[in-house]
Amino acid sequence: MDVVGSTAGSLARLMQDREVELWEKKRIVRRLVDEDVSPDLSVAHRSFRVISTASKSLPLKDWLSDEHANMFFPIAAQPMSPSEEAHILLQTGCPAPVVNRLLAFADKYRAGMTSDAVQKNRKLGTRSLVRIARRVARFPADDDLYTLLSRALLAEFLPATETMNLENIFEECCIKRRTPPFNPPAEVRDEGLFFPPATGTSAKDTRATMIPRFDTAQDPEGASHLLGRPREYIQLHRDTTVNQLMFQTVLENGVIKYTDSPLLRAITLGRVIVIDEADKAAEHVVAIFRSLAGHGQLTLADGRRVRETKERDSDLVVHPNFRLILLANRPGYPFLGNHFLQVLGDNFCCHAVTNPDMASERKLLSQLAPHLSEDLILRLVAAFQDLRKAYESGTVIYPYSLRGKIKQLLNLVRHMQAYPDDSLDAALRNVFDFDVYKPETIAKLASILDHHGLVVKNIGISAAREASQKKVLDVKFEPKSSTSLSEPKFGKVDPDNEAHTGGNTWAGGTGGRDSAGLGGRGGYMRLFSGHDVKQVSEALKNDVPDHIKERAREMARLELARRLEELNMSAGEAKGYGALYAAVEGHIASLHDLLENLAAREEERVWVKRQTDGELDDSRLTEGLTGEATAEAYSLPVRRQRIDVGVISLAVFRGDDWFTIAITDANFARYGITAEDLQRVMNRNPKVHTALIYIGEGAEVSW
């Protein structure tokens, strides 16, 4: 229920009155009398009950509103006792000592999960513990709990502080890190993919593994390259709907038809389905994978069901070869996806796909660009390894991955292979041009590239200056009036902030003299007011008498002292503050970028269904033609828009009086509409009289 959000309000009438409006003019009613007999009416069975589950309502995700609370009788689910959870884990066949250590770790980990950490980190539920226990029971030699638990919690993506807390819990529970075994490279053979046995002190009783090639005669469509295994692919985005995951609308011979989606084809035919960008879709969309992955069940909009065994004639049976793989970006900045892991809970076994080691990366790039020298590939790989380490330490704010930013290194090498005449300098600038706009990363980039002999001209301060010159026009200026200097001063502040060039009156001007500004001479303070900078000649700038220079320096020292006094700070404290600021400047910039991205997401457009007006979603026009009633409109609060449109459109007509009357039963709080918003819209034109009739009950009436 917590994933559905405000959409759950559509069930309020069914929950409270046992009545609901259905599609095609059909209704479910509480009771029928003789004169009401109609094929469009049906009665809810008296044994019908609705049980809804939801996560705890938290400060960062407070979904439990008055509307939700009035629909159900809430019952808080009590967590299992340690003995109950131990009984379940022992049923897997896992040894009792391993179960005891798992439960001890889980108890300490859960106790340290604060309300805000639940939103960021992966929960360690009973389902995850059962998965680990089953693995240990099936493969007794693979009892490395440190690795299994770290993988389950995606420990590689945790912040440094929480990683330290996790290590402390491991130590308290006597779960030690083991030396990982060496896994020899896989071999592609005629009969399939062969994995030699792992070697090392921790590799006990390991055996070779052979993944056989799939017989393409069984399913010739969509065979993969390496193993011949048939697969399907779907890429999600922020506008993906549940209906689009289930069905596809196609046009065949002038007839619009609904066909099963790649997901349903994979379920029935036993293919591998890869769902890409799973963190980009809305939470209620990816939530459908929870029941599919956990129980092999799914209910379709056309009444059919997906089941592990056939119970009805219309049921779709899950093929035993069906596999579901979800790909998502790492949690947090800079991807800022939805709470993907929290929505799906523990229904998936998560694996962190990290960057390959240097040897593997060199081999991959050498295969991709065989004409590049081995020395150049080595230097590129080493540079990107250092950039990733700089990200982990917080020096740079973007995680330079093999695939991610350039698709980074891959695209760079592809470019150099395809365009051998392009210089290395130009190719690298294509990669890092975006980063030179961030002063906190310029110095680090330059030092890493220089350390590995990758010379990029004009990176660093000079590149930043070029970027600033693109934003502000900087031209030479020859003053026509007097250029004599008197004494440095601040100047007058123009309340209209108009552009001033030359002279010595206004503060913030350009190409002047004496007053604070830019591009001039003789002043004691640089002051930018947002206008194009007019620069006087270098000869005039250098032609400043020594006594005026000394006076300007003295005034600058006084201004600095005044500012420090305002801040109640001494010169020594200011110097110490500067050193502290320099140490965390990169982290501050990272936080600033994160907040900017979050603010931008708040302003994004979100689709609202079942609106009678608004902007059409062009990508769903076909669904609209086939009867889909949810194919429009944008989520700007349309009820407020209707009043606005009425006020504006009426005002253009001639008449004695103008009235706009609006009637609504909307929950304005749900749409973020305040009383001040309505008042501003209703008073938009004084000659148009507006009235709002609001139908509500309970708390909505007081609003």
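Residues numbered from 1 in each chain as written. Predicted model: local features only at pLDDT ≥ 70, side-chain atom pairs only at ≥ 80, totals over all residues. Heavy atoms only, no water.

Draft legend 1. Representation of the overall build of the protein within the structure. Within the protein, the regular secondary structure consists of 26 helices and 20 strands. By residue count, 35% of the 703 residues in the protein fall in the buried class. Considering only contacts within the protein whose residues lie at least 6 apart along the sequence, 59% involve residues at least 24 apart. Carbon and sulfur atoms make up 53% of the accessible area of the protein, which amounts to about 43100 Å² in all. (Helix = DSSP H or I, 4+ residues; strand = E, 2+ residues; numbered from the N terminus. Buried < 20%, exposed > 50% of the residue type's maximum accessible area, 1.4 Å probe, protein only. Contact = heavy atoms within 4.5 Å. Areas by Shrake-Rupley, 256 points an atom, 1.4 Å probe, with all protein chains shown as cover.)

Draft legend 2. Structural context of the packing of helix α4 (residues 96–111) against helix α6 (residues 126–138). The interhelical angle for the contact between α4 and α6, taken along N-to-C directions, is 155°, at an axis separation of 11 Å. Taken together, the axes of α4 and α6 are roughly antiparallel relative to one another. In this structure, the crossing between α4 and α6 has a hand that is right-handed. Residue-level inspection shows Val98, Leu102, Leu103, Ala106 and Arg110 of α4 in contact with α6, the latter providing Thr126, Leu129, Ile132, Ala133 and Val136. (Axes fitted to C-alpha atoms, helices over the stretch in contact; angles between N-to-C directions. Parallel < 35°, antiparallel > 145°, perpendicular 65-115°, else oblique. Left-handed = near helix turned anticlockwise from the far one by under 90°.)

Draft legend 3. Highlighting the pattern of salt bridges. A full pass over the atoms with the stated rule returns 24 salt bridges. A salt bridge links aspartate 279 to lysine 280; the shortest N-O distance between them is 3.5 Å. Looking at aspartate 279, the relative accessible area reads 3%, which means it is buried. Through salt bridges with shared partners, one network takes in Glu550, Arg553, Glu554 and Arg557. (Salt bridge = Lys/Arg side-chain N within 4 Å of Asp/Glu carboxyl O.)

Draft legend 4. Inspection of the nonpolar core at higher detail. If you look at the biggest cluster of nonpolar residues, it comprises 34 residues, and the most contacted ones within it are Phe289, Phe322, Leu324 and Leu326. For this core, the elements supplying multiple residues, two or more each, are α9 (242–246), α10 (262–269), β10 (272–276), α11 (283–286), α12 (288–295), β14 (323–326) and α13 (340–344). Excluding its chain neighbours within four sequence positions, the residues that come into contact with phenylalanine 289 are Leu245, Leu263, Ile275, Leu324, Leu326, Leu344 and Phe348. Formed by 30 residues, the second largest nonpolar core is a distinct cluster that contains Ala86, Val98, Leu103 and Val130. (Core = buried A, V, L, I, M, F, W, Y, C linked by side-chain atoms within 4.5 Å.)

Draft legend 5. Fine view of the packing of α6 against helix α7 (residues 145–152). Following both chains from N to C, one finds α6 and α7 inclined at 145°, their axes separated by 11 Å at the closest point. In terms of crossing hand, the pair formed by α6 and α7 is right-handed. Residue-level contacts link Ile132, Arg135 and Val136 of α6 to Leu145, Leu148, Leu149 and Ala152 of α7.

Draft legend 6. Examining the confidence of the model for the protein more closely. In the predicted model, the protein carries a mean pLDDT of 77, and 78% of its residues have values of at least 70. The secondary-structure element of the protein with the lowest mean pLDDT is helix α26 (residues 699–702), recorded at 49, while helix α3 (residues 82–90) shows the highest, at 93. Note on residues 402–406: pLDDT is under 50 here. Beyond four places in sequence and across chains, it has 18 contacts. Taken as a whole, residues 629–640 scores under 50 in pLDDT and shows 41 contacts with residues more than four places along the chain or in a different chain. (pLDDT = per-residue confidence, 0-100.)

Draft legend 7. Region of the structure containing the sheet that holds strand β5 (residues 192–195). Here three strands make up an open sheet; going across it, the order is β4-β5-β6 and the pairing antiparallel. Because the sheet does not close on itself, it has two edges, and the strands there are β4 (187–189) and β6 (209–212). Neighbour-to-neighbour, the strand axes of this sheet turn through a mean angle of 25°, independent of strand direction. Pairing between β4 and β5: three bridges, direction antiparallel. Bridged to glutamate 187 within β5 is phenylalanine 194. (Pairing = 2+ DSSP bridges.)

Draft legend 8. Structural view of helix α21 (residues 546–566). Compared with an ideal rise of 1.5 Å per residue, which puts 21 residues at 30 Å, α21 spans 30 Å between its outermost C-alpha atoms and is within 8% of the ideal. Within α21, the full set of buried residues consists of Ile548, Ala552, Met555 and Leu564. (Expected span 1.5 Å × (residues − 1).)

Draft legend 9. Expanded view of the packing of aromatic side chains. Enumeration according to the criterion identifies four aromatic pairs in this entry. Plain terms: the ring middles of phenylalanine 105 and tyrosine 109 are 6.1 Å apart, the flat faces sit at 10° to each other, and that makes the pair stacked. Of this pair, phenylalanine 105 and tyrosine 109 are both found in helix α4, four residues apart, which corresponds to roughly one turn of the helix. Both residues of the pair, phenylalanine 105 and tyrosine 109, count as buried. Relative to tyrosine 581, the ring of tyrosine 577 has its centre 6.3 Å away and its plane inclined at 20°; by these criteria the two rings are stacked. Taken as a pair, tyrosine 577 and tyrosine 581 lie in helix α22 (residues 571–602) at a separation of four residues, close to a single helical turn. (Phe/Tyr/Trp six-rings, centres within 6.5 Å; stacked < 30°, edge-to-face > 60°.)

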